[in-house]
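Geometric and topological summary
Single-letter residue listing:
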Amino acid sequence: AVRFQPLHSIPEPSTASGWLALSYYHQSQSELELARNAARRSTELAPTFGATWIRLAELEFSFDARNEAQRILSKGLLLSPEQAQGQSLLGFIALENNYNQSALDSFEHAIELDGDLGSAWLGKGIALLKQRHSEKGRAALQTAAALEPQRSLFRSYLAKAFGELDDEALAIKEFGIAKTLDPSDPTPDFYAALHAFQGNRINESIRMLERSVALNDNRSVHRSRSLLDRDLAMR
């Protein structure tokens with residue numbers, strides 16, 4: 001799954017952990033429906049194992065089923081309240097619903113549980129930026145990028161934060177790093193295009209938006225078809 005290598009023959013798992021692993025494999029192949037079904041099977045085999053419910057909630061969120069994701073996640077966190085990834089997911093669901101302070105509280109709780117969790121620092125940064133705390137948001141995003149320096153997405157958001165602080169040189173630098181780290185990710189081109197547009201560099205902005213459109217479906221590992229279509233409409 002980590003290497004995105006296809007398997008030609010997969011025996012049906014007999015344990016909850018096996019179904020959980022299969023869920024990650026299907027996701028690596030952009031088979032989100034199969035991934036969700038495998039995670040659901042894992043919860044059936046181990047209904048008191050919090051990690052399986054948190055995993056299922058994560059996949060429901062990939063389909064933008066926020067209410068269902070929240071319901072399932074609540075069960076997972078009841079079983080595993082100190083699971084930092086679950087707390088971080090709770091924050092991202094709140095962000096999507098525009099409950100920015102609730103999101104920030106969840107991300108800070110996740111960081112208390114695991115200070116090295118890059119996604120929690122990312123979420124904290126985004127929540128702070130939404131509350132117009134640009135400097136604090138930038139600092140949180142820098143922490144995320146420092147913890148996981150190879151994550152292109154983290155660099156994209158950091159570049160966006162530098163742009164909001166009118167630091168042109170650092171914004172351009174981070175957009176460049178993000179594109180180098182993952183040339184197939186449409187996110188750096190999308191945010192860089194908006195940044196260029198704000199600087200009245202219209203032709204450059206259009207070219208980057210066209211690249212972002214062409215790369216849109218590369219996020220199918222994390223986004224359902226309907227969400228990819230929504231992303232495409234935005235681009």
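For the structure itself, look to the data block above.
Residues numbered from 1 in each chain as written. Predicted model: local features only at pLDDT ≥ 70, side-chain atom pairs only at ≥ 80, totals over all residues. Heavy atoms only, no water.

1. A few points about the layout of surface pockets
Taken as a whole, the second largest pocket encloses approximately 170 Å³ of empty space. Lining the second largest pocket are Lys-160, Gly-163, Glu-164, Phe-175, Tyr-191, Leu-194, His-195 and Gln-198. With 4 residues, helix H11 (residues 187-198) is the single largest residue contributor to the lining of the second largest pocket. Along the lines of polarity and charge, the residues of the lining of the second largest pocket split into 3 nonpolar, 3 polar and 2 charged. (1 Å grid on protein atoms, 1.4 Å probe; cavity = no way out; pocket = protein on both sides within 12 Å on 5 of 7 lines; lining within 4 Å. Points joined across faces, edges and corners; volume = space filled by probe spheres on them. Helix = DSSP H or I, 4+ residues; strand = E, 2+ residues; numbered from the N terminus. Nonpolar A, V, L, I, M, F, W, Y, C, P; charged D, E, K, R; others polar.)

2. Some remarks on the environment of Pro-186
Following the sequence through the fold, Pro-186 ends up in the loop between helix H10 (168-181) and H11. Apart from residues lying up to four places away in sequence, Pro-186 is in contact with Ser-212, Leu-215, Asn-216, Arg-219 and Arg-235. (Contact = heavy atoms within 4.5 Å.)

3. So, the packing of aromatic side chains
Following the criterion strictly, the structure yields 3 aromatic pairs and no others. With a centroid separation of 4.8 Å and 70° between ring planes, the pair formed by Phe-92 and Phe-107 is classed as edge-to-face. With a gap of 15 residues between them, Phe-92 in helix H5 (residues 84-96) and Phe-107 in helix H6 (residues 100-113) connect regions that are remote in the sequence. By way of ring pairs, the aromatic residues Tyr-157, Phe-190 and Tyr-191 are connected into one cluster. Taking NZ or CZ as reference, Arg-36 lies 3.9 Å from the ring centre of Phe-63, over its face. Seen from the ring of Tyr-24, Arg-55 lies directly overhead, with NZ or CZ sitting 3.8 Å from the centre. (Phe/Tyr/Trp six-rings, centres within 6.5 Å; stacked < 30°, edge-to-face > 60°. Lys NZ or Arg CZ within 6 Å of the ring centre and 35° of its normal.)

4. Digging into the packing of helix H8 (residues 134-147) against helix H9 (residues 152-164)
The interhelical angle for the contact between H8 and H9, taken along N-to-C directions, is 155°, at an axis separation of 9 Å. Of the possible angle classes, the one that applies to H8 and H9 is roughly antiparallel. Crossing of H8 against H9: the hand is left-handed. Contacts from Ser-134, Arg-138, Leu-141, Gln-142, Ala-144 and Ala-145 of H8 reach H9 at Phe-154, Arg-155, Tyr-157, Leu-158, Ala-161, Phe-162 and Glu-164. (Axes fitted to C-alpha atoms, helices over the stretch in contact; angles between N-to-C directions. Parallel < 35°, antiparallel > 145°, perpendicular 65-115°, else oblique. Left-handed = near helix turned anticlockwise from the far one by under 90°.)

5. Let's talk about the packing of helix H3 (residues 50-62) against helix H4 (residues 66-79)
Each pair of packed helices gets described by two things: the angle between the helix axes and the distance between those axes. Two elements in contact, H3 and H4, have axes separated by 8 Å at closest approach and are oriented at 165°. In terms of their interaxial angle, H3 and H4 are classed as roughly antiparallel. As for how H3 packs across H4, the hand of that crossing is left-handed. Residues Gly-50, Trp-53, Ile-54, Leu-56, Ala-57, Glu-60 and Phe-61 of H3 touch H4, and the partners they reach there are Arg-66, Glu-68, Ala-69, Ile-72, Leu-73, Lys-75, Gly-76, Leu-77 and Leu-79. The class makeup of the residues in the contact of H3 with H4 is 10 nonpolar, 2 polar and 4 charged.

6. Digging into helix H1 (residues 16-28)
Given 3.6 residues per turn, any residue in an α-helix points the same way as the ones three and four places further on. Over its 13 residues, H1 runs 19 Å from end to end, which matches the ideal 18 Å to within 8%, given 1.5 Å per residue. All of the buried residues in H1 are Ala-16, Trp-19, Leu-20, Leu-22, Ser-23, Tyr-25, His-26, Gln-27 and Ser-28. As for H1, its buried residues are in contact with helix H2 (32-45) and H3. Looking at the residues trailing H1, positive phi occurs at Ser-30, about 65°. (Expected span 1.5 Å × (residues − 1). Buried < 20%, exposed > 50% of the residue type's maximum accessible area, 1.4 Å probe, protein only.)

7. Some points on the environment of Ala-214
Counting through the fold element by element, Ala-214 comes out in helix H12 (residues 202-215). Residues Ala-214 and Arg-235 lie 21 residues apart in sequence; the distance between their C-alpha atoms is 9.8 Å.

8. A word on a nonpolar patch on the surface
On the surface, a nonpolar cluster with roughly 270 Å² of combined accessible area is contributed by Phe-197, Ile-202 and Ile-206. Note that Ile-202 resides in helix H12. (Patch = residues over 30% accessible without salt bridge, like charges linked within 9 Å, V, L, I, M, F, W, Y side chains within 5 Å. Areas by Shrake-Rupley, 256 points an atom, 1.4 Å probe, with all protein chains shown as cover. Salt bridge = Lys/Arg side-chain N within 4 Å of Asp/Glu carboxyl O.)

9. What about the nonpolar core?
Formed by 50 residues in total, the largest nonpolar core has its most connected members in Leu-73, Leu-95, Leu-122 and Leu-141. Residue contributions to this core peak at 7 residues, all from helix H7 (residues 118-130). Leaving out residues up to four positions away in the same chain, Leu-122 has contacts with Phe-92, Leu-141, Ala-144, Leu-153, Phe-154 and Tyr-157. (Core = buried A, V, L, I, M, F, W, Y, C linked by side-chain atoms within 4.5 Å.)

10. A few points about the side chain of Ser-156
One can find Ser-156 in helix H9. Judged by its relative accessible area of 0%, Ser-156 falls in the buried class. Once you skip the residues sitting within four places of it in the chain, Ser-156 turns out to touch Phe-175, Ala-178, Thr-187, Pro-188 and Tyr-191.

11. Some words on the side chain of Gln-87
Position of Gln-87 relative to the elements: it lies in helix H5. Apart from residues no more than four positions distant in its own chain, Gln-87 is found in contact with Leu-77, Pro-81, Ser-106, His-109, Ala-110 and Leu-113.

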